[in-house]
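Fold and contact review
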Amino acid sequence: MSGQGAPGAPFNFRLAFLLAMAMFVLVVDTSLMNVSISAVVRDLDTTVSGVQGAIALEALVSAAFILIGGKTGDLIGRKLAYILGLLGYAVGAIAMTLAQNLGAVILFWAVIGGIGASLLLPAMQSLIHGNFEGDHQKRVYALVGASAAIAAAVGPLLGGLITTVWSWRWGFAGEAVIIAIVLAGIGLVKDVPYHGDRSIDLVGAALSIIGMGGVVTGILVWQEGGGYVGVIIGLGVMALGALVWWLRRRKARGKPTLLDPDLFTSKMFRTGASGQLLQQVALGGTMIVLPIYLQMVFEYNALQAGLSIAPLSISMFVIALLAGRGLKRRPASVILWGFVLVVAGLAILVPIVPIADSGWWLTIPLIISGCGLGLLVSQLNNYTLSPISDERVSEAAGVNSAAGSFGLSFGLAFAGAIMLATLAFTFTAMADSSTVLSSEQQQQVSTVLEEDAEIMSNTGLEELLADETPEVQAEVLAINTDSRNIALQVALLVPILAGVLGILNGFRMRRLPDPKASGASEGMMLG
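A brief report on the enclosed structure follows.

Definitions and limits used
Residues numbered from 1 in each chain as written. Predicted model: local features only at pLDDT ≥ 70, side-chain atom pairs only at ≥ 80, totals over all residues. Heavy atoms only, no water. Helix = DSSP H or I, 4+ residues; strand = E, 2+ residues; numbered from the N terminus. Buried < 20%, exposed > 50% of the residue type's maximum accessible area, 1.4 Å probe, protein only. Contact = heavy atoms within 4.5 Å. Areas by Shrake-Rupley, 256 points an atom, 1.4 Å probe, with all protein chains shown as cover. Axes fitted to C-alpha atoms, helices over the stretch in contact; angles between N-to-C directions. Parallel < 35°, antiparallel > 145°, perpendicular 65-115°, else oblique. Left-handed = near helix turned anticlockwise from the far one by under 90°. Nonpolar A, V, L, I, M, F, W, Y, C, P; charged D, E, K, R; others polar. Core = buried A, V, L, I, M, F, W, Y, C linked by side-chain atoms within 4.5 Å.

Of the regular secondary structure elements, the protein chain holds 17 helices and zero strands. With 527 residues in all, the protein chain has 58% of them scored as buried. For the protein chain, the share of sequence-separated contacts (at least 6 apart) that also reach a separation of at least 24 residues comes to 86%. For the protein chain, the computed accessible surface area is about 21700 Å², with 65% contributed by carbon and sulfur atoms.

Here it is as structure tokens:
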């Protein structure tokens, strides 16, 4: 092979930089949506729960299709899959600059953009392997990994600045411009042919989509007050169980499978992938709850919200960088302490919620949790993939990415749903026990919340109560303030519980031998 990195070959920095730009867009995209929730809600005349649902759906689509996306790249060519993935993201970004309703966001940004991500990530992995060799390959992985880490660190700040000074639409327009620049350099990319089995496990693919999709979609339907929630979630769980049975059956018969079930015979891989999923549940739950809290309770604009969240993302970036280079402790111990710090920081936040009057109150807890997430980011990928052979590491990385994306979508959806359900319950209970509200007003509150529970700022609520007496206005505002605080405290229990389960999983890791470094797994940091 005569790719970049062969003896005497110059390093193609332009191609490496374009790959890093593509990764930057992937990571910064969701940060932009998180800190712009209130602006998107206002401009599209929609609801917080609707936007939150779209964010969760985008992560879910990426998770549900990422294994299929890798196989698609094998069949149509990794370069074409890379191009289609970029175009999918571009469609989503351009649609966001023009969207006039939530339906457009869901269809173009969440669904088409999510499918784009599922094609882009596996293809990028293969293209880096095929276009670079040796030390050059390691340099590209370092550059792309650094791009992802920087995007995660500055995403809330950058998104908040653009949204506040100009508009959230300009942020997505900027994404489209970056993608256009990356596509303009596509001639630098050499395709990487696939010589393996080209058979497709259609049943396994369908079961994986129904399984992951059913669980998260059921939660989103519950959040929006829809019916058949138990049936939808039950269908998802049954499909996941059927997927396990199907993969084992196909493997025993020597037929091609969506993924090799023997991957899970490794205890290190199982515990590592579980840790990845739990880390992303904690991150997703936190990153949907906090922006809503800051924008709806403190009525912060996007820049203020981004600045308030920055301690979490920046500390995660710094600690991941430091721990990845110089930490000499056992990886399992580092992962365990990572989850401990995540839980500690979030647990400190819970009693702070009702007394905080600005984002400054969140700084220390977020730094603590960010340090924990940084420790996890520095270790989990290599820990999970180290026991996997070089021939199977790409497939294992796809499974690991799918677990992370599913965890992220689950955390986003479940934390948001719990928050709205708690809000409806506490608001109704407080209204029913009020001595200021009449029976008719209490019944009206119950009816409205039964149809659509929604986080609302006190300023927005004051506008709706303009025709009521001052006593009723003051009572409803007080109930709203207390209910939101309780709802957000309960929602924080979702990432806290994920962190606690991560601690228990960390103890399991400590009983296993330390992983040995795998040359192929060193670069598997994508997604």
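What follows concerns the packing of helix H4 (residues 78-98) against helix H7 (residues 168-184). H7 packs onto H4 with a crossing angle of 155° between their chain directions and a minimal axis gap of 8 Å. The orientation of H4 with respect to H7, classified from their angle, is roughly antiparallel. Our pair here, H4 against H7, has a crossing hand that is left-handed. Contacts from Tyr82, Ile83, Leu86, Leu87, Tyr89, Ala90, Ala93, Ile94, Met96, Thr97 and Leu98 in H4 reach Trp168, Arg169, Phe172, Ala173, Glu175, Ala176, Ile179, Val182 and Leu183 in H7. Taken together, the residues of the contact of H4 with H7 break down into 17 nonpolar, one polar and two charged.

Trans is the prevailing form of peptide bonds, just as negative phi is the prevailing case for residues other than glycine. Phi at Asp45 takes a positive value of approximately 55°, unusual for a residue other than glycine. By the element assignment, Asp45 lies in the loop between helix H2 (37-44) and helix H3 (48-76). The phi dihedral of Glu299 is positive, around 60°, even though this residue is not glycine. In this fold, Glu299 is placed in the loop between helix H10 (267-297) and helix H11 (302-326). Owing to a relative accessible area of 35%, Glu299 belongs among the partly exposed residues under this scheme.

Turning to the packing of H10 against helix H13 (residues 363-385), a few remarks are in order. Axis separation between H10 and H13 bottoms out at 9 Å; the angle between their running directions is 150°. Overall, the two elements H10 and H13 adopt an arrangement that is roughly antiparallel. The way H10 lies across H13 gives a crossing that is left-handed. Contacts from Met268, Phe269, Thr271, Gly272, Ala273, Gly275, Gln276, Gln279, Leu283 and Leu290 of H10 reach H13 at Leu366, Leu373, Leu376, Val377, Leu380, Asn381, Tyr383, Thr384 and Leu385. A class-by-class count of the residues in the contact of H10 with H13 yields 12 nonpolar, seven polar and no charged.

Looking now at the nonpolar core. Counting 97 residues, the largest nonpolar core has Ile37, Val105 and Tyr293 as the members making the most contacts within it. Among the elements that take part in this core, H10 stands out by supplying 14 residues, more than any other. Apart from residues lying up to four places away in sequence, Val105 is in contact with Met33, Leu44, Ala54, Met96, Ala99 and Ala110. Core analysis: the second largest hydrophobic core is formed by 54 residues, Leu86, Leu120, Leu247 and Leu263 among them.

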